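# Observations on the model geometry
Here are the chains, one letter per residue:
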Amino acid sequence: MALDGCGLFCKYVLIIFNILFAVLGFAFLGLGLWLRFSNNTRGLFEIDALSSTTFVIAVTVLITLGSVMLIVVVFGDYGACNEKRCALQVFTALLALLAGAAIGIGVITYSQRVEVGLRMAEFYSSLYALYVTNGDPIIRVTLTFIHEMLHCCGVTGVPLVESLTCPKPQSFGEHFVMPNCPQVISSTFDSQAPLVLGIFVGTGSLLVIALVCSIVLMKQLHTVQQDVETYYQAVY
């Protein structure tokens, strides 16, 4: 079907959007599956008492979010590449739900920033406990990155007793006592809550842009289809 300039622009925007969305979807799904079925973390999911911990919930969210994103990509790419209105309608509906969810989650996270900060600190503590138990090198790298980024030292804040490498001390006193990571994570999330809200709202806005392009493309395809039908009716 022949599309005009606006239709073609929206078509290629959707294709690029879906490629990026697919990369993120595979990343979330792969990370979630690795955390779910890794020998070092699988045991957490087999203990009923730990089924509601922040770590288990976070892994479940990663797997679910990655799967949903890939489903959205399938409908979006099929609809944009093959110019199928039915697939684009499903894609548009799913995008609308995701955009609303992103903005809603951002608002809830901002309003409950203290509780969310405590949950993030609990997630760090779960990773720390896993490393102490299993010594997983990937978890070690993750924890070391958190230490360097937030300038904190394990769960105790005492470099001499920590099994992980703490960041370089910035004062004489930090050779003996540094801020512990759960406390720093909680306070940092509380202070950076407006930035987190902006990220969620920005993500929702990008989804809305893709949503608008999808609607424009559907209208273009509908117009082209009507023109073709009108032409054949006039000829035959």
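The coordinates are above.
The text that follows walks through the structure, step by step, so that each part is easy to find.

Parameters at a glance
Residues numbered from 1 in each chain as written. Predicted model: local features only at pLDDT ≥ 70, side-chain atom pairs only at ≥ 80, totals over all residues. Heavy atoms only, no water. Disulfide = S-S within 2.5 Å. Helix = DSSP H or I, 4+ residues; strand = E, 2+ residues; numbered from the N terminus. Buried < 20%, exposed > 50% of the residue type's maximum accessible area, 1.4 Å probe, protein only. Phe/Tyr/Trp six-rings, centres within 6.5 Å; stacked < 30°, edge-to-face > 60°. Lys NZ or Arg CZ within 6 Å of the ring centre and 35° of its normal.

Counted by the stated rule, this structure contains two disulfides. Here Cys 152 pairs with Cys 181 through a disulfide, and the sulfurs are 2.1 Å apart. On the sign convention where negative means left-handed, the S-S torsion of about 90° between Cys 152 and Cys 181 marks this disulfide as right-handed. With Cys 152 in the loop between helix H5 (137–150) and helix H6 (181–191) and Cys 181 in helix H6, the pair connects residues that are 29 residues apart, well separated along the chain. Neither Cys 152 nor Cys 181 differs from the other in exposure class; each is buried. With its sulfur 1.8 Å from that of its partner, Cys 153 forms a disulfide with Cys 166. Its S-S torsion of about 50° marks the bond between Cys 153 and Cys 166 as right-handed, since a negative value means left-handed.

It is worth spelling out the packing of aromatic side chains at this point. Tallying each qualifying case throughout the model produces three aromatic pairs. With a centroid separation of 5.0 Å and 20° between ring planes, the pair formed by Phe 17 and Phe 21 is classed as stacked. Of the two residues, Phe 17 and Phe 21 are both situated in helix H1 (residues 5–37); the distance of four residues between them amounts to about one turn of the helix. Taking the relative accessible area as the measure of exposure, Phe 21 reaches 11% and is therefore buried. Seen from their ring centres, Phe 172 and Phe 176 are 5.5 Å apart, and the 70° between their planes marks the pair as edge-to-face. Residue Phe 172 is classed as exposed on the basis of its relative accessible area of 65%. Stacked on the ring of Phe 37, the Lys or Arg Arg 36 has its end atom at 5.1 Å from the ring centre. When the ring centre of Tyr 110 is taken as origin, the NZ or CZ atom of Arg 113, which lies over that ring, is 4.7 Å away.

Purely geometric stuff here, so don't read any function into it on its own.
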